[in-house]
4 protein chains.
Amino acid sequence: MAAKLKTAVLGATGYSGLELARILSRHPRTASPLLLRRTAETDPESAEPRKKSATASAASPPISGNGHAHVEPFSWSTLKQHGVELLFLATPHAVSRELVPDAISRGLCVVDLSGAWRLKQEEHRAIYRFKDADVKTAAELTERAVYGLPELNAGQIKSSTLVANPGCYATSVILALAPLLFAGLVDLNRGIISDSKSGVSGAGKEPTARTHFVSVADNFSAYSVFGHRHTGEILEQLALDSSQFIFTPHLLPIPRGILSTIYVYLKRKMTAAKIQSCLQDFYAGKKWVRVFPASTLPEIQFSVHTNYCDIGFSLADDGRRLILVSCLDNLLKGAAGQAVQNMNLMYGWDEAEGLQ
Amino acid sequence: MAAKLKTAVLGATGYSGLELARILSRHPRTASPLLLRRTAETDPESAEPRKKSATASAASPPISGNGHAHVEPFSWSTLKQHGVELLFLATPHAVSRELVPDAISRGLCVVDLSGAWRLKQEEHRAIYRFKDADVKTAAELTERAVYGLPELNAGQIKSSTLVANPGCYATSVILALAPLLFAGLVDLNRGIISDSKSGVSGAGKEPTARTHFVSVADNFSAYSVFGHRHTGEILEQLALDSSQFIFTPHLLPIPRGILSTIYVYLKRKMTAAKIQSCLQDFYAGKKWVRVFPASTLPEIQFSVHTNYCDIGFSLADDGRRLILVSCLDNLLKGAAGQAVQNMNLMYGWDEAEGLQ
Amino acid sequence: MAAKLKTAVLGATGYSGLELARILSRHPRTASPLLLRRTAETDPESAEPRKKSATASAASPPISGNGHAHVEPFSWSTLKQHGVELLFLATPHAVSRELVPDAISRGLCVVDLSGAWRLKQEEHRAIYRFKDADVKTAAELTERAVYGLPELNAGQIKSSTLVANPGCYATSVILALAPLLFAGLVDLNRGIISDSKSGVSGAGKEPTARTHFVSVADNFSAYSVFGHRHTGEILEQLALDSSQFIFTPHLLPIPRGILSTIYVYLKRKMTAAKIQSCLQDFYAGKKWVRVFPASTLPEIQFSVHTNYCDIGFSLADDGRRLILVSCLDNLLKGAAGQAVQNMNLMYGWDEAEGLQ
Amino acid sequence: MAAKLKTAVLGATGYSGLELARILSRHPRTASPLLLRRTAETDPESAEPRKKSATASAASPPISGNGHAHVEPFSWSTLKQHGVELLFLATPHAVSRELVPDAISRGLCVVDLSGAWRLKQEEHRAIYRFKDADVKTAAELTERAVYGLPELNAGQIKSSTLVANPGCYATSVILALAPLLFAGLVDLNRGIISDSKSGVSGAGKEPTARTHFVSVADNFSAYSVFGHRHTGEILEQLALDSSQFIFTPHLLPIPRGILSTIYVYLKRKMTAAKIQSCLQDFYAGKKWVRVFPASTLPEIQFSVHTNYCDIGFSLADDGRRLILVSCLDNLLKGAAGQAVQNMNLMYGWDEAEGLQ
């Protein structure tokens, strides 16, 4: 039997980092992951580093002897000392943007969960205001980085050393739209709208007025209207123009899960059976996308705590107006689960390994 | 000082009925309302009447001496005996459809909270499958009934004896769209979409698999896609064709509140200031609609437990793509509060009386 | 008609402060309250004052013309300029401890919502670690301050100029226990236990890891076991020894409301009817306490959004083991509502004025 | 490798049944379980059988090809035909009471999740009002049945063919109290109190007024005070007299999880270290109980979605008053997980098999 892969997770105390730690510690092909937290040096955004808890504690009880892992401060020498081969970055995009050039030059493989390396087009990248120390290397890596949506880009992912793991919202929107768009069935002149809703863990672990329980409970609101960062990924992956697509995120009073309600006008009248075939054929053999029967729509509960993206649809009587609904767990298929799915592809393993 | 108006609430144990009872019992112009529950005779849908609790108990503690009102079985003689002048029907539409002809012929004024008398066009009414005993009278009353949205129809409401109180979703959608549509600013060829979300009290008090706590909590789902009953009201009030409008309701894991995210394409490029003026001018002097500044969007918490409908918007950089967001409390501006607002108009009182 | 009382609320952007602002702005006896926020000078705990929003915005929409009040920075001259007679302090205890001597010396009446002036006994006060600038004045005021629980101390409150508004937990526990304890029915040798549960607004508006939505939702936990600050108030008001009483607070995943389950052993066998009489007689004529019939227990929903404290009980078959359950809204009867009830008493008005 | 065990789950559409189906379908030692639903014949309580959905659908999406299992109507011949060896009953107690004698006489092993076979003493059983067709056999089986709490009764469970799986509340209370009680450290004269709180799935899947989302959300309440069925189990397993123990269940507004706050007076003054040793020694080598360090208390989130029972404690300064807090997932360690743990013992497998 082959030696187990040595991995590290930087940002192991955040929500996605915790899920990664949990999955990797049970994955049959990986050794127990090295868990790391950011330090002042790794955190270009904060002059004074915030104190981070030194244990992966969020939902883990503070007791020893039960898989309660220690989280160490990040340094390249620690990575080297542990023989790490694959580095997962569950870090803010500015941190990822800074660390990846070093990581790649040191021969590490990287799966980055931030938005740092997802975008090829400058116009979409502008919103992140990257400050690259070495502009040329950054440009080269931007070109090399593969957008890690396995159902679309498996071939490239397999041979990549730098995978940019997609955004949670973006995954739910792209997977729902790709089959119909790529088949040329959508009337782009009428525009596509994704009205998306996410649980609060998508907003991160930092306590803010916005994530305070009393602000969220019994409430619901839209945010980042006409300006959410995930819009660029969606446009790039689906080859859409910004005038053809509206994306509106909303905050749901639940801990986790995303549902996107997507409005599409078809070029010509179609039957539900045809839509169904289009979706099913596209995802034939894809383990982590479930296509629902016509008019049976996914709900958030169906996919939470799994790596599935569920896709359903309803077609109007006129055969032209189509509503797609897609659901996923923002921390799994929308983050850590998909990152492991990418790792599985990168190392030639079954895409489902460790994700059941 | 004038004698206080004598009112009755049929369906006083449901969510809207309870709110009506609460508001009317404190309203300065009305006597303590007569609270009534349905009996086998008033309930054409159930051969065998369900046992209803004999007290308006939902959120009221079961104690005497603190406004804990008795709920009596409905009969016309009880109404007469109490000298009731205005009857609120918080009943299923089939019950309202059956009782209203009798109520009107007995000289009562009626505010009906169901969908029984809201629709003028047969095509929209079909979904309700009304079985009118006296088809001619039903047709006459259908014609006479006034759609009780005070911000649009105050004049008619003032002289009406039969007011059809709007649906909760419909109120949120119509109020957001009316100013722009009536000003002719919307490109109807591109279609209007309302992606609406409601708390669970909108689904009524009947315990079902769908309203079970475990089904709703940590979940979110779309329902009645391309087939919700409120669609007809919206089309009629806004003079839209069914091909021009998509309405998608969703169930939020909160007790009350509605938020509608509404997508509109404008005929020509506009500024946010112009949109703002259009909305503010339309609702100038209207106490119960609050127009928000550009890009400041209402949230459900702002209007819950009030009679306000809050309206905000965000305009894309292209000045053509517009998102309207409207919020209200489905049991107040979406039901009982609006019913009292209609009563205030019918009797010539200030629209805000009893609703602060 | 008498001139309206001029009041001010310091800490008007916190949860209790917002409720006070809301109640006072509709109270028939008070002018529109002056809303104030803390500044660096008023905040002995923070060297650098946190930026506070300049509007009472929590649940108020950010729009003008609808009662959206401006919040001004605190200063004594502002108070004087507005002719303020009564000052409500919705401030941390250290701030209240510092400001009250000045306020009293300037001839203001004060209702303080913090724990600064509730305790007479040094042993109970120690937990707050007060740093009094003028020890003698502080001691005098500590003596003069009246514990503002109207159902117990109405007489003293009426003639007081410094009322220490009780803690939310303490109110729920003291009101449930006082009738039986004062009647000498409780076997103190066996000990009294209050297992209490509170919604999250009780923990204040400051965003912390503890109040993050993802930490609270789907969770439940005990905290401050054997060490909660409200314990001292309960002991003092009920004349209990610390060995006779255990108080355990828990955090409920709801925005507001407290339920205390209180375990008592009776000295001798009693009937439910006797318990009921004891409670009802004690609270005869007390508007804001509702005593439930035997074995009918209050729930949090019954009293939330009201100023009621609801009390119920269940007696074991042996007639000796008694469980009391009391509920209230921590921001109303547990804070702002009770503060207004105290004001009503201080100015000789009906206890219920402005609280319906 | 040995042939896989053939199991069946009756009641596979309920919450516990669904969890059992999920665990067994992935258990390395069991074949895919036969999923069964009750029929009119198996349901002594209902003259007319309620329509049950024919798929294990609660949280499973209604799609084929993804482990969406068919649920068949129960019959003995179906069991025989599939060669079932072990039958899990996730059924109401009256159904279990009726079916078990037949099942045992047909040579099946049974793990019953209801209260039908948990109690040896007639006084505790009375509350269930069993109507045994064959009184003698029922009495024999009552005697033979083993209370399936593995941490206490592993020896008996290993050789049993009829295991009565404990109640969810009872598991949380017994596991917390057993170490101290069995060590003789508790002052029984002062009484033990368990103030327990459970999520809504503990109330079952039947939609009722009590489980309606609007009744539960933003609410909290006590129920079955001095009369909950689990009290008998706790008394029997801990050899307590009913006068020595009070058990008060409450309904939490969360889908799943139990927290019990347990109040104990110690016979003599002790240190936290001694309490800790007592608990740790008792559970040494017990995989599914986690003992927390002194004053570090478990929260519901720590154990939900796991088979752990977490136990923590806090000791008062006097060394006599002790608060124990225990948490578990009511559907796993409180039901389906524990049932599988019992199966593992019955068949000589590792207790943790299939439960990671």
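Model, not experiment: these values are computed from the prediction.

**Some points on helix α7 (residues 168–182) of chain B**
All names here are of chain B.
Now for step 1: Taking 1.5 Å per residue, 15 residues should reach 21 Å; α7 reaches 21 Å between its end C-alpha atoms and fits that length.
Now for step 2: The buried fraction of α7 is high, at 12 of 15 residues.
Now for step 3: Turning to α7, its buried residues number three or more, namely Cys168, Tyr169, Ala170, Thr171, Ser172, Val173, Ile174, Leu175, Ala176, Leu177, Pro179 and Leu180.
Now for step 4: The positive-phi residue at the C-terminal boundary of α7 is Gly184, with phi of around 70 degrees.

**Some remarks on the environment of Lys274 of chain D**
Residue and element names in this part refer to chain D.
Now for step 1: Relative to the helices and strands, Lys274 is located in helix α10 (residues 272–282).
Now for step 2: A residue is classified by how many C-beta atoms lie within 10 Å of it, and Lys274, with 15 of them, is partly exposed.
Now for step 3: Sequence separation between Lys274 and Gln81 is 193 residues, and the spatial gap between their C-alpha atoms is 55 Å.

**Concerning the domain arrangement of chain A**
All names here are of chain A.
Now for step 1: Assigned domains within chain A: domain 1 (7–165 + 335–346) and domain 2 (168–328).
Now for step 2: The C-alpha centroid of domain 2 is placed 26 Å from the C-alpha centroid of domain 1.
Now for step 3: Contacts between the two partners involve 18 residues from domain 1 and, on the opposite side, 19 residues from domain 2.
Now for step 4: Of all the elements in the fold, those that place two or more residues in the side of domain 1 that touches domain 2 are α6 (150–158) and α12 (336–346).
Now for step 5: Top element by residues in the side of domain 1 that touches domain 2 is α12. It accounts for three residues.
Now for step 6: The residue makeup of the side of domain 1 that touches domain 2, split by class, is eight nonpolar, seven polar and three charged.

**Details of helix α1 (residues 15–26) of chain C**
All names here are of chain C.
Now for step 1: Helix length check: α1 (12 residues) gives 17 Å between terminal C-alpha atoms against 16 Å at 1.5 Å per residue, within 8%.
Now for step 2: In terms of burial, α1 is a largely internal element, nine of the 12 residues being buried.
Now for step 3: In this structure, the buried side of α1 is in contact with β1 (7–10), β2 (34–37), β4 (86–89) and α12 (336–346).

**Some words on the interface of chain A and chain B**
Size of an interface: often given as the accessible area lost when the parts come together.
Now for step 1: Taken together, the contact between chain A and chain B spans 34 residues of the former and 33 residues of the latter.
Now for step 2: Within the residue set of the side of chain A that touches chain B, elements represented by two or more residues are β8 (192–198), β9 (221–222), β10 (245–251), β11 (258–265), α11 (300–303) and β14 (321–328) of chain A.
Now for step 3: Of the residues assigned to the side of chain A that touches chain B, the class counts are 18 nonpolar, nine polar and seven charged.

**Section: unusual backbone geometry**
Now for step 1: We note that Phe226 of chain A has phi near 55 degrees; this positive angle belongs to a residue other than glycine.
Now for step 2: The topology assignment puts Phe226 of chain A in the loop between β9 and α9 (230–238).
Now for step 3: Unusually for a residue other than glycine, His305 of chain D sits at a positive phi of about 70 degrees.
Now for step 4: Examined against the element boundaries, His305 of chain D turns out to sit in the loop between α11 (300–303) and β13 (309–315).

Criteria and thresholds
Residues numbered from 1 in each chain as written. Chains lettered and ligands numbered in written order. Predicted model: local features only at pLDDT ≥ 70, side-chain atom pairs only at ≥ 80, totals over all residues. Helix = DSSP H or I, 4+ residues; strand = E, 2+ residues; numbered from the N terminus. Expected span 1.5 Å × (residues − 1). Buried ≥ 20, exposed ≤ 12 C-beta atoms within 10 Å, placed from the backbone. Domains from an automatic or database assignment. Contact = placed C-beta atoms within 7 Å. Nonpolar A, V, L, I, M, F, W, Y, C, P; charged D, E, K, R; others polar.

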